[in-house]
Amino acid sequence: MRPDAIHRLLSILLLLRGGRTQTAEALATDFGVNLRTIYRDIRKLQSSGFSIVAAAGPGGGYTLATGGDLASLLYGDDTALAGLLTGGSLFRLGARREAVEEVLRRAKDLIPREEREILERARSRIHVDGGEWYWRDKPEHDLQVFKDAVLNDRTLAITFTERDQPTIFADTVHPYGLVWKGGFWYLIAFSPRDGTFRRFRVQRVVHAEFTGESFRRDPSFDLAAFWRQDLERFGVGATRVLLRIEAAVIPEFEHFDWKAENRITKATDHWLVEMHVDRFEWLVPLILSYGGRITAIEPESLRARVAEGAEHLSRVHVLNAPPSAESKRTGDCSDIRSRAVRGRG
C-alpha cells in the first residue's frame, strides 16, 4: 500500500474521532479522490477493527465510535486504533515498513501541537503486536490478490482444500472481506454456485486468480455481523459431549469463548460442560494437553480416543517405543479448535 493511501486512512480516523461526523462527499473532496475510493477506505478500516459507524440525521455521514482525545485513543479499549497510531496495526492494513515510517512522520501535521508529545511518547513506549503466540500469519505477498479482490470488487477463481480433506475443490467467488483471527486470515466470499456466503481459510487456498470480471456488491452485507454469526454456528452439531474440568484449570476457562448453547454447571471443585458438536476429534489433543485435569465423560467414543492418545504418549515417552498405526490418528487433527487456548503463557 502506498504512503498516500495509508496517510488518507489515518487522516480519516483522526477526522472522525470525538464524535465528529464527516460525509463521504466531504472526505472525497478533502483528499481529492472519488466517492468509491472513500467507501473502500471506510470498509477497509471497519474490517480492520475500527469502530466507524454511519451517523443518523440530516446529511448523514460517518463517525468513530470511540473516545475523542488522543490519550483515550492510545490507552483505551480500542487496541486497533492504538496500534495504528503507534505503528503496529499499519502492517495489518497491508503497509510496508518504510511506508509506515513516512506516514507516522506526516501524522504530526494531523493533530494539534499539544497532542504531538503524547503521540511521540506513546510511539516510543507502547508496542501493539497483533500476532499470536508461536504462530505466524501467511506471508503478505500471498494476501495481495485477496486484498485487491476485496477492495475492488473483483471476481476470483479459487482452488482450495477443506478441513481434514485432501481433495482439492474449485469455485468462482465474489470476495466481500478479509478477517484476521487467531493467527489466520479468512476470506469471506459469496459463492454464486451455492447461493451463499462462506469463509475460506486463506492458508487452505491452493490457487487464486482474477477472472477479469467484477461483481456488484450487496450494500446490505455486514462483514462483522456475518463473522459473529458464522463463529456462533461453527462446530455446532448433533454429537453430545460432556466434560469435567477440575478446579486447578478452571481459571484458564473463565474467559473461554463458550457458545451460547453450551451448558456449564459450576461446582466448588469442578465444572461440568455440556456441548453439542459436529465432530469431537479436536477435543482429543486439548484434553490430553491438560494431563488428566479435563475428563471426557461422554460420548464413549471420545473417551476411547483420549485413552488411545494417552497410551501413545506413554509408549513414546516412557517405553521409547515407535508409535503404532492406531496411535498416529489420535493426533491427526488440523482443526483450529484444538488450539483454542493456545498462547496461555
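Residues numbered from 1 in each chain as written. Predicted model: local features only at pLDDT ≥ 70, side-chain atom pairs only at ≥ 80, totals over all residues. Heavy atoms only, no water.

Caption draft 1: Layout of the overall build of the protein. Within the protein, the regular secondary structure consists of 13 helices and eleven strands. Of all 345 residues assigned to the protein, the portion counted as buried reaches 41%. Taking the contacts inside the protein whose residues are at least 6 apart along the sequence as the reference set, 62% of them involve residues at least 24 apart. With the model as given, the accessible surface of the protein reaches about 18,600 Å², and the carbon-plus-sulfur share is 50%. (Helix = DSSP H or I, 4+ residues; strand = E, 2+ residues; numbered from the N terminus. Buried < 20%, exposed > 50% of the residue type's maximum accessible area, 1.4 Å probe, protein only. Contact = heavy atoms within 4.5 Å. Areas by Shrake-Rupley, 256 points an atom, 1.4 Å probe, with all protein chains shown as cover.)

Caption draft 2: Spatial organisation of the packing of aromatic side chains. Under the criterion given, the structure shown has 14 aromatic pairs. Taken together through their ring pairs, the aromatic side chains of Tyr176, Phe190, Phe197, Phe215, Phe221 and Phe226 make up a single cluster. One cation-aromatic arrangement involves Arg154 over Phe210; the distance from NZ or CZ to the ring centre is 3.6 Å. (Phe/Tyr/Trp six-rings, centres within 6.5 Å; stacked < 30°, edge-to-face > 60°. Lys NZ or Arg CZ within 6 Å of the ring centre and 35° of its normal.)

Caption draft 3: The arrangement of the sheet that holds strand 8 (residues 236–246) in detail. Strand order in this open sheet of four strands is 9-10-8-11, and the pairing throughout is antiparallel. Looking at which strands have only one partner, the edges of the open sheet turn out to be strand 9 (263–266) and strand 11 (294–298). Across this sheet, the average inter-strand angle for adjacent strands is 20°, counted without regard to direction. With four bridges joining them, strand 9 and strand 10 (residues 270–277) adopt antiparallel strand pairing. Each residue of the ladder has a partner; that of Arg263, found in strand 10, is Glu274. (Pairing = 2+ DSSP bridges. Axes fitted to C-alpha atoms, helices over the stretch in contact; angles between N-to-C directions.)

Caption draft 4: Expanded view of the nonpolar core. Residues Ile245, Phe253, Met275, Leu283 and Leu302 are the most contacted members of the largest nonpolar core, which totals 23 residues. Looking at this core, the elements with two or more residues in it are strand 8, helix 10 (250–253), strand 10, helix 11 (283–288), strand 11 and helix 12 (300–317). With residues up to four places along the chain from it excluded, the contact list for Leu283 reads Val241, Leu243, Met275 and Leu302. Judged by nonpolar contacts, the second largest core, of 16 residues, contains Ala149, Val173, Leu178 and Leu187. (Core = buried A, V, L, I, M, F, W, Y, C linked by side-chain atoms within 4.5 Å.)

Caption draft 5: Molecular detail of the pattern of salt bridges. The tally for this structure, following the rule as stated, stands at 13 salt bridges. Across the salt bridge formed by Glu274 and Arg263, the nearest N and O atoms sit 3.8 Å from each other. Placement of Glu274 in strand 10 and of Arg263 in strand 9 is noted, with a sequence separation of eleven residues between them. Glu300 is the salt-bridge partner of Arg303, the closest N and O atoms lying 3.7 Å from each other. One end of the pair is Arg303 and the other is Glu300, both in helix 12 and three residues apart, which spans about a single turn. Judged by its relative accessible area of 36%, Arg303 is partly exposed. Connected via shared salt-bridge partners are Arg240, Arg263, Glu274 and Glu298. (Salt bridge = Lys/Arg side-chain N within 4 Å of Asp/Glu carboxyl O.)

Caption draft 6: Focus on the sheet that holds strand 4 (residues 168–181). Pairing within the open sheet is antiparallel, and its five strands lie in the order 6-5-4-3-7. Every interior strand has two partners, whereas the edge strands, strand 6 (196–201) and strand 7 (205–214), have only one. Neighbour-to-neighbour, the strand axes of the sheet open up by a mean angle of 45°, direction not taken into account. Where strand 3 (residues 154–161) meets strand 7, six bridges bridge the pair, whose relative direction is antiparallel. If you follow Phe160 over to strand 7, its bridge partner there is Val205. The sheet contacts of helix 9 (residues 223–233) involve strand 4, strand 5 (184–191) and strand 6, and relative to strand 4 the element is tilted by about 110°.

Caption draft 7: Representation of helix 12 within the structure. Taking 1.5 Å per residue, 18 residues should reach 26 Å; helix 12 reaches 26 Å between its end C-alpha atoms and fits that length. Those residues of helix 12 that sit buried are Leu302, Arg305, Val306, Glu308, Gly309 and His312. Down the axis of helix 12, the smallest arc covering the buried residues is 155°, so these residues share one side. In this structure, helix 12 carries Glu300 and Glu311 as exposed residues pointing more than 90 degrees from its buried face. (Expected span 1.5 Å × (residues − 1). Arc of directions from axis to C-beta.)

Caption draft 8: Fine view of helix 2 (residues 24–31). Among all positions of helix 2, only Ala24, Leu27 and Ala28 are buried. One face of helix 2 carries all of its buried residues, which in axial projection span an arc of 100°. Exposed residues pointing more than 90 degrees away from the buried face of helix 2 are listed as Thr29 and Asp30. Downstream of helix 2 by one or two residues, Gly32 has phi in the positive range, about 65°.

Interpretation note: all reported values are geometric properties and have no functional meaning in isolation.
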